[in-house]
Amino acid sequence: MFWLWLRIGIQSFGGGVATQFLMRQLLVEQKALLTEEEFNRYFAMCRFAPGINLAAVTILIGRHLDGWRGVVAGLVGLLLPSSAITIAMTAAYTSVKDLTIIQSGIRGIAPAVVALGFVLCAKMARPVLFSGRANATFSWKTGLPVLFLCAALLALLSLPVFVIYAVAGIVGLGLSLAAARARRT
Amino acid sequence: MEVVPFFLLILKACALSTGGLGPLPILHADFIARGWASEREFTEALAVGQSSPGPNGLWLVSFGYLTGGLTGALLAFAAMLIPPFSVLLVQKVYDRIADQTATKGFMDGMTLAIAGTGLVIFGQLLGADASNWRAIVIFAGAFILTMSNRVPVILVLALAAVAGAILF
């Protein structure tokens, strides 16, 4: 089990999507340790848990496959080698970061990281804003103002972020209950 | 570095958010306010995190290293491991809460908040370069390449680094 998770951990260059892809390929398609349905169900559960989703799904799958031994094998295999590589890469970067060419390179990387972040935010919000389902909590007409209001609350009022999360969550909860009541009547 | 507050702040950011980049807004607010990190260190950690193997959330380990050395990296690693265990509680109640309208509504609202505050935090990472035409050109190029979904993230970052080395 450990070697299986290790393979996933060190091969998955490209972030969470690549890791999820490799997990599905190895655990479901090649080794048939999980059904497609179980795999999807575990990923769906992780949306409700805080922290790194891939760590949470590893805990669920590890426990399913081999109890607490599976959890430890999963987390150690997935995260320890990749974390060690991340530390080594950061240490290597730290030792050359003062070179002029590296400074210029990092100045170029910053706008790219911002672009990646913007795309990630858009991809995160898209299923909520454009689900097209009749029972959706938000349409783009109600969701976009909430999204930009949250941005404004942080940018202009510097409200604590978790307060903004809670307020938006309560707005979503209120809207979904109101819509459900309207559908019933 | 104050070990306990350092660990607790990262734990708090992970426990009050979801996903690999979810802790960014809370961590940004706490670390910048205390003067424990600069915008630049956030950018550097995110760039390393996106380039290294494994989940996106490993940028926290890089961030820990940049702001607190090896001890900081190990503290960040430990802090990010704890909150995901709450998924075992979710598993117990999942069948009761998953299809609840209220649960879905709350999660949808929170997702929009994470995306909205994320836009602000990522925007702030540019700092003084936000009005620099070279940075805007690199931003636009990276945005188009990322949106196309055809170019690996690590290649986008490598191209941006080369463009930065040439332009700046």
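Residues numbered from 1 in each chain as written. Chains lettered and ligands numbered in written order. Predicted model: local features only at pLDDT ≥ 70, side-chain atom pairs only at ≥ 80, totals over all residues. Heavy atoms only, no water.

**Section: the interface of chain B and chain A**
Contact with chain B, which involves 90 residues of that partner, is made by 91 residues of chain A. Contact with chain A buries area across many residues of chain B, yet B:Pro53, B:Tyr94 and B:Leu112 alone supply 8% of it, more than any other trio. Seen at the junction of chain B and chain A, the total is three salt bridges. A:Arg107 serves as the salt-bridge partner of B:Asp129, at 2.9 Å between the closest nitrogen and oxygen. (Contact = heavy atoms within 4.5 Å. Buried area = accessible area lost by both parts, 1.4 Å probe. Salt bridge = Lys/Arg side-chain N within 4 Å of Asp/Glu carboxyl O.)

**Concerning the layout of surface pockets**
Counted as a void, the second largest pocket has a volume near 330 Å³. As for the second largest pocket, its lining consists of 16 residues, of which A:Tyr93, A:Ile102, A:Ile106, A:Ile109 and B:Ala161 are closest to the centre. Mapped onto the lining of the second largest pocket, the elements with two or more residues apiece are α4 (53-96) and α5 (100-129) of chain A together with α3 (39-51) and α8 (153-167) of chain B. Each residue belonging to the lining of the second largest pocket can be placed in one class, and the counts come to 13 nonpolar, two polar and one charged. (1 Å grid on protein atoms, 1.4 Å probe; cavity = no way out; pocket = protein on both sides within 12 Å on 5 of 7 lines; lining within 4 Å. Points joined across faces, edges and corners; volume = space filled by probe spheres on them. Helix = DSSP H or I, 4+ residues; strand = E, 2+ residues; numbered from the N terminus. Nonpolar A, V, L, I, M, F, W, Y, C, P; charged D, E, K, R; others polar.)

**Looking at the pattern of salt bridges**
Scanning the entire structure with this criterion turns up eight salt bridges over all chains. Across the salt bridge formed by B:Glu44 and A:Lys97, the nearest N and O atoms sit 3.6 Å from each other. Note that B:Glu44 is positioned in helix α3 and A:Lys97 in the loop between α4 and α5, a pairing that runs across two chains. On the accessibility criterion, B:Glu44 (2% relative accessible area) is buried. (Buried < 20%, exposed > 50% of the residue type's maximum accessible area, 1.4 Å probe, protein only.)

**Observations concerning the packing of helix α3 (residues 36-46) of chain A against α4(A)**
Residues and elements named next belong to chain A. Relative orientation of the contacting elements α3 and α4 amounts to 135 degrees, with a least axis distance of 9 Å. Classed by the angle they form, the pair α3 and α4 counts as oblique. In terms of crossing hand, the pair formed by α3 and α4 is right-handed. Where α3 abuts α4, its residues Glu38, Phe39, Tyr42, Phe43, Met45 and Cys46 lie against Asn53, Leu54, Ala56, Val57, Leu60, Ile61 and His64. Grouping the amino acids of the contact of α3 with α4 by side-chain chemistry returns ten nonpolar, two polar and one charged. (Axes fitted to C-alpha atoms, helices over the stretch in contact; angles between N-to-C directions. Parallel < 35°, antiparallel > 145°, perpendicular 65-115°, else oblique. Left-handed = near helix turned anticlockwise from the far one by under 90°.)

**Topic: the environment of A:Gly51**
When you line up the elements, A:Gly51 lands in the loop between α3 and α4. Judged by its relative accessible area of 3%, A:Gly51 is buried. A C-alpha to C-alpha distance of 16 Å links A:Gly51 and A:Val71, two positions 20 residues apart in sequence. In contact with A:Gly51, not counting residues within four places along its chain, are B:Cys14, B:Ser17, B:Thr18, B:Gly19, B:Pro83 and B:Pro84.

**Concerning the nonpolar core**
With 104 residues, the main nonpolar core has A:Met23, B:Ile10, B:Leu27, B:Phe31, B:Phe42, B:Trp59 and B:Phe122 as its most contacted residues. Ranked by residues supplied to this core, first place goes to α4(A) with 13 residues. Shared between two domains, this core takes at least three residues from each, and those domains are domain 1 (2-96) and domain 2 (118-184) of chain A. With near-sequence residues (within four places) excluded, A:Met23 lies in contact with A:Trp5, A:Ile8, A:Val28, A:Phe39, A:Phe43, A:Leu54, A:Val57, A:Thr58 and A:Leu78. (Core = buried A, V, L, I, M, F, W, Y, C linked by side-chain atoms within 4.5 Å. Domains from an automatic or database assignment.)

**Considerations on unusual backbone geometry**
Residue and element names in this part refer to chain A. In the Ramachandran plot, alanine 32 falls in the positive-phi region, its phi being about 50 degrees despite a non-glycine side chain. Relative to the helices and strands, alanine 32 resides in the loop between α2 (15-30) and α3. Residues other than glycine seldom take positive phi values, yet serine 158 does so here, at roughly 50 degrees. Note on placement: serine 158 falls in the loop between α6 (140-157) and α7 (161-184).

**Some words on the domain arrangement of chain A**
If you check the domain split of chain A, you get domain 1 (2-96) and domain 2 (118-184). Put simply, the middle of domain 1 of chain A and the middle of domain 2 of chain A, counted by C-alpha atoms, are 29 Å apart.

**Digging into the packing of aromatic side chains**
Taken as a whole, this structure holds twelve aromatic pairs over all chains when the rule is applied. Centroid distance A:Phe118 to B:Phe139: 5.6 Å. Interplanar angle 80 degrees. Geometry classified as edge-to-face. With one member in each of two chains, A:Phe118 in helix α5 and B:Phe139 in helix α7 (residues 133-148) form a pair that bridges those chains. A cation over a ring is seen here: B:Arg34 above B:Trp36, with NZ or CZ 5.8 Å from the ring centre. (Phe/Tyr/Trp six-rings, centres within 6.5 Å; stacked < 30°, edge-to-face > 60°. Lys NZ or Arg CZ within 6 Å of the ring centre and 35° of its normal.)

**Describing the confidence of the model for chain A**
For chain A, per-residue confidence averages 88 on the pLDDT scale, and 98% of positions sit at 70 or higher. Here α2(A) stands out as the element of chain A with the lowest mean pLDDT, 81, in contrast to α6(A), whose mean of 94 is the highest. (pLDDT = per-residue confidence, 0-100.)

**Quick notes on the environment of A:Arg63**
Note that A:Arg63 resides in helix α4. Along the chain, A:Arg63 and A:Glu36 lie 27 residues apart, while their C-alpha atoms are 17 Å from each other. The residues touching A:Arg63, leaving out its near neighbours within four places in the chain, are A:Trp68, A:Gly70, A:Val71, B:Leu88 and B:Gln91.

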